[in-house]
Amino acid sequence: MSKTTQRLITSIFCTILAACGGGGSDSGTTAQGTNTTGQGTTTGSTGTTTGTPGTGSTGTSTGTSTGSSGGSTGSTGGSGSGTTGSGGTTTTPGTGTGTGAPSSGGTGTGTGTTTPPAPTPDATQARFNGPTGITFAANGDLYIADSGNFTVRKLAANGAVTTIAGKAGVQGSADGTGTNALFTSPRGIAVDSAGNLYVTDGSVVRRITPTGAVTTIAGRQGEFDNLDGVGAAARFRTPDGIVIDSAGTLYVADSNTYNIRKINPATGAVTTLAGGNGTTQIDGTGAQAGFVGPTALAIDAANNIYVADMSVAPGTTPIPLRGSSFLRKVTPAGVVTTVAGNLGHTTPANDTVPRTQLAFSSGLAVDADGTAYLTDHFDGGNFVKVVRPDGTVSTRVQDTSSISFLSRLAYNPTTRRLYGTDESNDTIVWLTTASDGAVTVVAGKRGEAGSADTP
């Protein structure tokens, strides 16, 4: 978007012309003697005129880029003139002297910038359709799985929204670059240190390079199972949350196989890290552990994986109102423990440790201090449970006038702010820490679904 820079130059030129002074005149008369030898001896007087010095005006200008030039050059001094005296046989010419000197020009002054900075793009002009998974890159860019549009989007740190891959409104499964790639149902998203994105999509895991090239690294689209293997030989049922550890290894919450899968992104080799002991919340190591429905994932600085493990009791609306969710922790060795949660849910503010109750936890984030944040939707409300490393739990009630269904969470380690996707309202929101639970829409417009990047 280009901007035209206008420069306004105002100059005032003032010239004061010096008045010219007039010279004096003397007229001598010729004396005549009574004899023939007399001669006039009177000498005409010297005419003298002094010119008035000219004075230059001072130029003054204020411009948006460069000060105007100074005022006009001062006028020359007045010219002197003298008359020639008349006399007898001897005549002395009159002389005139001008003493004016040209003044220097005035000094111009100016203020302003030659190239004003471009305005920050307004991300609220962008449009989304049911955004779900979000993740922050180290530079502050936010990547979004725009599920309803079947695309992957980027909200840059400066506010610009662009589409990275996929074709809005076109569902499919095709590798390719940019709009030539097609997605079935992008949900979880993670970014590595090289800027590669990894997206869970339908029954596969996809990779998107910084240039927008999309490839399928594990699983086969449309084929659902619980099989370890390499690349297309592996099978998932419902891969959802995804994270990357410090070595670049991927971890996926495979919801309907009730386990946590591990993927080598270089080879596409898939193994099961933890889970497989039925569909019950059981602590243990590897296959001895049990999950009820792992959904969102987060990872801390020590490569411990946190799991939003959600078992829902369907209500009368599409969004379950009550259920049992847990915050689980999985070490790099596959040891699973329950950090918070308890079967049953009677009140949204029950934070008694260790019997903290979670109803419907679809979103999860962990900050730099190891504090976990989980969404909770007891009876349709929007709550954030804050679980600190010391085990204490608190409930943050979010302002429901600004959000409808808080789906996923992401923590920005640079600004130390918590963000979320409002899947029902098609927006990206900032969850402030204010006691009133204030929510600020940072991208998209509440209730306006679509697919538009910023101008």
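Residues numbered from 1 in each chain as written. Predicted model: local features only at pLDDT ≥ 70, side-chain atom pairs only at ≥ 80, totals over all residues. Heavy atoms only, no water.

Asker: Could you give an account of the side chain of Ser147, naming the residues involved and the relevant values?
Answerer: With respect to the helices and strands, the residue Ser147 is situated in the loop between β4 (142-146) and β5 (151-155). Given the relative accessible area of 10%, Ser147 is considered buried. Reaching out from Ser147, the side chain makes a polar contact with the backbone oxygen of Pro186 at a distance of 2.5 Å. Those residues in contact with Ser147, other than ones at most four positions away along the chain, are Asn129, Gly130, Pro131, Thr132, Pro186 and Arg187. (Helix = DSSP H or I, 4+ residues; strand = E, 2+ residues; numbered from the N terminus. Buried < 20%, exposed > 50% of the residue type's maximum accessible area, 1.4 Å probe, protein only. Polar contact = N/O pair within 3.5 Å; in protein donor to acceptor, adjacent residues only side chain to side chain. Contact = heavy atoms within 4.5 Å.)

Asker: Account for the pattern of salt bridges, with residues named and values stated.
Answerer: Two side chains of opposite charge can pair, provided their charged atoms sit close to one another. Counted under the stated rule, the structure contains 17 salt bridges. Put simply, Arg261 and Asp228 hold a salt bridge, and the shortest N to O gap is 3.1 Å. Highlighted residues: Arg261 in strand β15 (residues 259-263) and Asp228 in the loop between β11 (213-218) and β12 (229-230), separated in sequence by 33 residues. Residue Arg261 is classed as buried on the basis of its relative accessible area of 0%. According to the relative accessible area criterion, Asp228 is partly exposed, its value standing at 41%. Ionic pairing is found between Lys445 and Glu448, a salt bridge with its closest N-O pair at 3.4 Å. (Salt bridge = Lys/Arg side-chain N within 4 Å of Asp/Glu carboxyl O.)

Asker: Report on the sheet that holds β4, specifying residues and quantitative values.
Answerer: Taken in spatial order, the 4 strands of this open sheet run β3-β4-β5-β6, and their pairing is antiparallel. The open sheet has two edge strands, β3 (131-136) and β6 (161-165), and neither has a second partner. The mean angle between the axes of side-by-side strands here comes to 30 degrees, regardless of whether they run parallel or antiparallel. Two strands pair when backbone bridges link them, and β4 and β5 are joined in this way by 5 bridges, in the antiparallel orientation. When the sheet's bridge partners are listed, Ile144 is paired in β5 with Arg153. (Pairing = 2+ DSSP bridges. Axes fitted to C-alpha atoms, helices over the stretch in contact; angles between N-to-C directions.)

Take it as geometry only, folks, not as evidence of what the structure does.
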